Amino acid sequence: MMKKKRLSASKASLVLFLCQMISALDVPLDSKLLEELSQPPTITQQSPKDYIVDPRENIVIQCEAKGKPPPSFSWTRNGTHFDIDKDAQVTMKPNSGTLVINIMNGGKAEAYEGIYQCTARNERGAAISNNIVIRPSRSPLWTKEKLEPHQVREGDSLVLHCRPPVGLPPPIIFWMDNAFQRLPQSERVSQGLNGDLYFSNVQPEDTREDYICYARFNHTQTIQQKQPISVKVFSTKPVTEKQPILLTPTGSTSTKVELRGSVLLLECIAAGLPTPGIHWIKEGGELPANRTFFENFKKTLKIIDVSEADSGNYKCIARNILGSAYHVISVTVKAAPYWITAPRNLVLSPGEDGTLICRANGNPKPNISWLANGVPIAIAPEDPSRKVDGDTIIFSHVQERSSAVYQCNASNEYGYLLANAFVNVLAEPPRILTPVNKLYQVIADSPALLDCAYFGSPKPEIEWFKGVKGSILRGNEYVFHDNGTLEIPVAQKDSTGTYTCVARNELGKIQNEVQLEVKDPTMIIKQPEYKVIQRYGQVSFECIIKHDSTLLATVTWLKDNDELPDDERFLVGKDNLTIMNVTDKDDGTYTCIVNTTLDSVSASAVLTVVAAPPTPAIIYARPNPPFDLELTGQLERSVELSWIPGDENNSPITSFVIEYEDGLHEPGVWHYQTEVPGTQTTVQLKLSPYVNYSFRVIAVNEIGRSQPSEPSEQYLTKSANPDENPSNVQGIGSEPDNLVITWEPLKGFQSNGPGLQYKVSWRQKDVDDEWTSVIVANVSKYIVSGTPTFVPYEIKVQALNDLGYAPEPSEVIGHSGEDLPMVAPGNVQVHVINSTLAKVHWDPVPLKTVRGHLQGYKVYYWKVQSLSRRSRRHVEKKILTFRGNKTFGMLPGLEPYSSYKLNVRVVNGKGEGPASPDKVFKTPEGVPSSPSFLKITNPTLDSLTLEWGSPTHPNGVLTSYVLKFQPINNTHELGPLVEIRIPANESSLILKNLNYSTRYKFYFNAQTSVGSGSQITEEAVTIMDEAGILRPAVGAGKVQPLYPRIRNVTTAAAETYANISWEYEGPDHANFYVEYGVAGTMASRQVDIATQGWFIGLMCAVALLILILLIVCFIRRNKGGKYPVKEKEDAHADPEIQPMKEDDGTFGEYSDAEDHKPLKKGSRTPSDRTVKKEDSDDSLVDYGEGVNGQFNEDGSFIGQYSGKKEKEPAEGNESSEAPSPVNAMNSFV
């Protein structure tokens, strides 16, 4: 047997073992053992160092500790012993050191302010807690003060002071109004860190009388309110603009000290008009990425987790259009003590050596002091085995009396650290924790693991014997584990018996016996066979098993890997399954599973259900399995296998497939070995070392594969050195200071022997270094720590086992971990190619500064402002990535006539490096987009008014607008094109001298110095003559007059408003005007319409209509008598549906299809290509798509363009009074 090296052979190994022992003592693996072992006290729970308590509740000061024997507790208060028995308000919890001070029954929290410290003590030492400072929280009332109203001139700055009461802890400040609504804050108005409310400049809307400062004390859950502050802003015209001045901090410089690991908050609030913007920089450096945040509208700079590297000068700059102001804050980062190496518990055996190390850092550097059992070590009882050397205590040749708890205190002016670490000297004879005569049962040819859990100090040596008086076990057939377990890799029947484990150290010896029983494997000696059965027949599958007589075997049948159907046709016997009256749904795979408490085997067969053949036919089936397998000519690396073929079943055997099982590494798993022709019944097989082979043969014909043969006898090949090394060896760092070496481990049979391990070797490439090697267990990864950042390494991994090494492996090149790149690309240049495309160049960074695999460069670019508008917008940064060591790239999709910024960063596998300084570039002018809109309004006989909006994207300085227009005749032919240039500062134009009642098409676009932009088109029609009568067409090329129609005007009046609805047919882009008056008054958009010819003609027509209606009504009234039902229906018919007849004194239907042919490019006509005049002349005629509109009493439009071609009923109640024709026509013009 190859003995494992004794752990006590090196001190480093012993310390590692003892550290593991501490873990074992802490975890109750064996309760009896833990009851017997002594352990010094360990503080497990304590209150925080600065403990602020609620003065209304009981004070609970926690102190919990563990140890063996259980520790007792005592307390000090303000450095002297605190006798809790003399204070009726103070009690200590049972089996605990936690104090409960009863405040709710008469005690006062203020009386118990002070510094408390807990001591937990037993016979092995004393552990102490931190100094716990107890302070009750305070939430004092606001001091009374007379607050004068603030009268401020518009544009001046203002500070409303909060001055909250000093509380413990400090309160949270916020400003609200009388309605308990938070006051809105912005870049102009914001709250400072001190709670004051700052106005960079006041506006008239700031006038109010309820500026209230609130202080919330979270600890006592109370809120204090300051008296309301009144602010009145008086306006002066004009308001004077002011350049920035800083309201806080004052002066040009200030200092601030912050502690390492805390949050640094720097604030700058400025006055000025316009409101200044705040910008922060760090002089001589960059603000730390990922830790810098801006709050309070960039007035507060927040850096989290500060370190000494964050010290320096921080400048805030307040800037508006009139100038700037700045303030420099000098920040110094100090550090309370923090651990570098905290002392750790130490468990030693008598006579051994050890050390306690306590290392801390801080700014200023902390002072290290030691205590023993809570007493300064200088005045503690002397211990000859102990020597203090600064931050280290060295123990030499310790004895049991050396057990103690040591405290390390690291302190400076900003705080302290206190750590307890015990030295526990144990002298314990060996103990075996595994139960006596424990029984282990395994199946033959499988591994057996026999436990021998032990404990002792010093660590015992473990030996195994077979039998009570047998010889010590050695040899390759056994594996001895560090935890005492004995492994028999391949247990045979003769391995059965009693095994004795002996544990001994210098304090004694103990032994324990366990029993091993090796059982015969369970086998299916008669497996179910493939069956083809006719429908409605009967079939039976056999499953005859053989198993160890001492084990209980159970047989389960499955169909298609699921339970058998719940059907009485399925009969399960002792060693068979019978299916009666077979149907098509019984087709499938049937599996016999045999289970014991130690192993499980299974075998399957397929059932095929066929229809009964009309005539007997030759049945072709899979061959029967081969049998009588025999191994001969056994050699170390080869063996000869022979067999006898089974029945061919009317289909010749084409080949034999040989499979093998490795009972040592993968029992129960069969692997493909080789395949031979069907005429061959003998084969020479190549073997690997250290494999327990079994073989089986499968016959193959055209129908399919036979069932596997019975396995051959087993053949265990001898062990040998590994033949090959691991594959896929790689070296890739996961951190900047490590190298992770990985490989694909060898398979079980590739180990060629027991004790498979790997020798991992590495050395830095191109450096004259020796190979560093380490041997690891059968794993697939090893991490090398402390490497330089991203350097190449030569790596090799070699396999070895108990017999020796594999051949020398090949070397691969890996790299240690990457870190972020150190420098930014330099000499960034931008070449603007055109108004939307630019090319950026940069110098590549030195490869040494990349500190990783160069992946490429990223270009961040963003638009700063448009040069035509001079208005800033939300900055949306864009990123382009250029792979590899590329030094230029194209920036597409830029906006013309704009100012851009960009920077470049190098990228490696870890991330991005620092950004290059921002580079500003500008794009030249381009052609503008189309005007945002073009409206044509106010049509008259010979003029149209054009209104337009400037382009959404001018892309430069507009030089002019170009208007082109031409008439359209009734055959859709276009007339001559007229072009007009309009100055860029115009937004409307009146076109005069146009033909009346003529459709025109307009083309409109904007121009810059680069050229013309895209155009927008519209169509419009000049109106008919003022009398409303169509004039005859004069000359060629004139379009027949078309006029808009409005009809079905209805009104619905309420107390405070009126709804007006109508239907409209006519060109798109129409404007509507509604005129209304009150009690006899009339508002009109026209001047003296009574002089208009069309108005006089309309009035005459209305008068004539009213006269005819009166005559008709008079005649009908004189007739008398009852009306028939039909006449009543006719009398009340909807005028929209029933036209009037001329012989009844009404107007007939008018239609002129020739005048309403479809118009080109957006012109609209009614769907039936006619215009119907169905109403009285006081309503407007439908034209094109219908429009339902409504106006409020104040004239505001509340309707919406419906887009429907069919007429809809008017909304609301119709007025009982006919609409005025004067109003209707006047409002349309």
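Student: An account of the overall build of the protein chain is requested, with residue identities and associated values reported.
Tutor: In terms of helices and strands, the protein chain carries 6 helices and 87 strands. Looking at the protein chain as a whole, 41% of its 1229 residues are labelled buried. A sequence separation of at least 24 residues applies to 65% of the contacts in the protein chain between residues at least 6 apart.

Student: Let's hear about the sheet that holds strand 36 (residues 404–412): which residues, and what values?
Tutor: In spatial order, the strands read 29-37-36-32-33; together these 5 strands make up an open sheet with mixed pairing. Each edge of the open sheet is held by one strand with a lone partner, namely strand 29 (346–348) and strand 33 (375–376). Pairing of strand 29 with strand 37 (residues 415–425) involves 3 bridges; the strand directions are parallel. The residue bridging V347 from the neighbouring strand is N424, located in strand 37.

Student: Give a description of the nonpolar core that names residues and reports values.
Tutor: Formed by 26 residues in total, the largest nonpolar core has its most connected members in I59, I61, W75, I101 and Y116. Where this core is concerned, the elements lending two or more residues are strand 3 (59–61), strand 4 (63–68), strand 5 (72–77), strand 8 (99–101), strand 9 (114–122) and strand 11 (132–136). The dominant element in this core, judged by the number of residues it contributes, is strand 9, at 3 residues. Counting residues in each nonpolar core, the second largest holds 20 residues, with I432, W464, L486 and Y499 among its members.

Student: Give a detailed account of the packing of aromatic side chains, specifying residues and quantitative values.
Tutor: Scanning the model with the defined rule gives 21 aromatic pairs in all. With a centroid separation of 5.8 Å and 75° between ring planes, the pair formed by F82 and Y116 is classed as edge-to-face. Placement of F82 in the loop between strand 6 (80–81) and strand 7 (90–92) and of Y116 in strand 9 is noted, with a sequence separation of 34 residues between them. Residues F82 and Y116 agree in their burial class; the two are buried. Between W948 and F1004, the aromatic rings sit 4.7 Å apart at their centres with planes inclined by 45°, giving tilted as the arrangement. Of the two residues, W948 sits in strand 80 (residues 944–951) while F1004 sits in strand 84 (residues 999–1008), which places them 56 residues apart along the sequence. Each member of the pair W948 and F1004 is classed as buried. Grouping aromatic residues by their ring pairs yields a cluster made of F174, F180 and Y214. K49 extends its terminal NZ or CZ atom over the ring of Y416, reaching a point 4.1 Å from the ring centre. The ring of Y326 carries K315 above its face, with NZ or CZ at 4.6 Å from the centroid.

Student: Explain the pairing of strand 76 (residues 888–891) to me, using residue names and the numbers behind them.
Tutor: Taken residue by residue, a regular strand's side chains alternate between the two faces of the sheet. A one-sided burial pattern is seen for strand 76, the buried positions being G889 and L891 and the unburied ones F888 and M890. In terms of strand pairing, strand 73 (residues 837–843) meets strand 76 through 4 bridges, oriented antiparallel. Residue pairing for strand 76: K839 is matched across the bridge by M890.

Student: For the state of the cysteines, give the residues involved together with the corresponding values.
Tutor: For the coordinates displayed, the defined rule picks out 6 disulfides. The disulfide bridge from C63 ends at C118, spanning 2.0 Å between sulfur atoms. Taking the torsion about the sulfur-sulfur bond, which here is approximately -70°, the covalent link between C63 and C118 counts as left-handed. Separated by 55 residues along the polypeptide, C63 in strand 4 and C118 in strand 9 bring together distant segments of the chain. What makes C118 buried here is its relative accessible area of 0%. Two residues share a disulfide in this structure: C543 and C592, whose sulfurs sit 1.8 Å from each other. Here the S-S torsion is close to -65°, and the disulfide linking C543 with C592 is therefore left-handed.

Student: Summarise the sheet that holds strand 55 (residues 588–595); cite the residues concerned and give the values.
Tutor: Spatially, the 5 strands line up as an open sheet ordered 48-56-55-51-52, and their pairing is mixed. Sheet topology places strand 48 (531–534) and strand 52 (562–563) at the edges, where each strand pairs with a single neighbour.

Student: An account of a nonpolar patch on the surface is requested, with residue identities and associated values reported.
Tutor: Together, L1104, L1107, I1111, F1114 and I1115 make up an exposed nonpolar region whose accessible area comes to about 510 Å². If you trace the backbone, L1104 turns up in helix 4 (residues 1093–1119).

Student: How would you sum up the pairing of strand 41 (residues 454–457)? Please name residues and give values.
Tutor: The alternating pattern of strand 41 places Y454 and G456 and F455 and S457 on opposite faces, both of which are buried. As paired strands, strand 38 (residues 428–432) and strand 41 are joined by 3 bridges and run antiparallel to one another. By the bridge assignment for strand 41, E428 is matched with S457.

Student: Outline the confidence of the model for the protein chain, supporting the account with residue identities and numerical values.
Tutor: Averaged over every residue, the pLDDT of the protein chain is 82; the share at 70 or more is 83%. Note on residues 1080–1087: pLDDT is under 50 here. Beyond four places in sequence and across chains, it has 10 contacts. Within the model, the stretch residues 1120–1229 combines pLDDT values under 50 with 207 contacts to residues more than four positions away or in other chains.

Student: Residues and numbers for the environment of V740, please.
Tutor: Examined against the element boundaries, V740 turns out to sit in strand 65 (residues 738–744). With 75 residues separating them in the primary sequence, V740 and H815 have C-alpha atoms 8.9 Å apart. Apart from the residues lying within four places of it in its own chain, the contact partners of V740 are Q730, G731, I732, G733, S734, K781, Y782 and I783.

Student: I'd like a rundown of the pattern of salt bridges, residues and numbers included.
Tutor: Using the criterion set out here, one finds 38 salt bridges in the structure. For K964, the salt bridge goes to E979, with nearest N and O atoms at 4.0 Å. Separated by 15 residues along the polypeptide, K964 in strand 81 (residues 958–968) and E979 in strand 82 (residues 978–983) bring together distant segments of the chain. Here the salt bridges share partners, and the residues they tie into one network are R153, D156 and K242.

Conventions we followed
- Residues numbered from 1 in each chain as written.
- Predicted model: local features only at pLDDT ≥ 70, side-chain atom pairs only at ≥ 80, totals over all residues.
- Heavy atoms only, no water.
- Helix = DSSP H or I, 4+ residues; strand = E, 2+ residues; numbered from the N terminus.
- Buried < 20%, exposed > 50% of the residue type's maximum accessible area, 1.4 Å probe, protein only.
- Contact = heavy atoms within 4.5 Å.
- Pairing = 2+ DSSP bridges.
- Core = buried A, V, L, I, M, F, W, Y, C linked by side-chain atoms within 4.5 Å.
- Phe/Tyr/Trp six-rings, centres within 6.5 Å; stacked < 30°, edge-to-face > 60°.
- Lys NZ or Arg CZ within 6 Å of the ring centre and 35° of its normal.
- Disulfide = S-S within 2.5 Å.
- Patch = residues over 30% accessible without salt bridge, like charges linked within 9 Å, V, L, I, M, F, W, Y side chains within 5 Å.
- Areas by Shrake-Rupley, 256 points an atom, 1.4 Å probe, with all protein chains shown as cover.
- Salt bridge = Lys/Arg side-chain N within 4 Å of Asp/Glu carboxyl O.
- pLDDT = per-residue confidence, 0-100.

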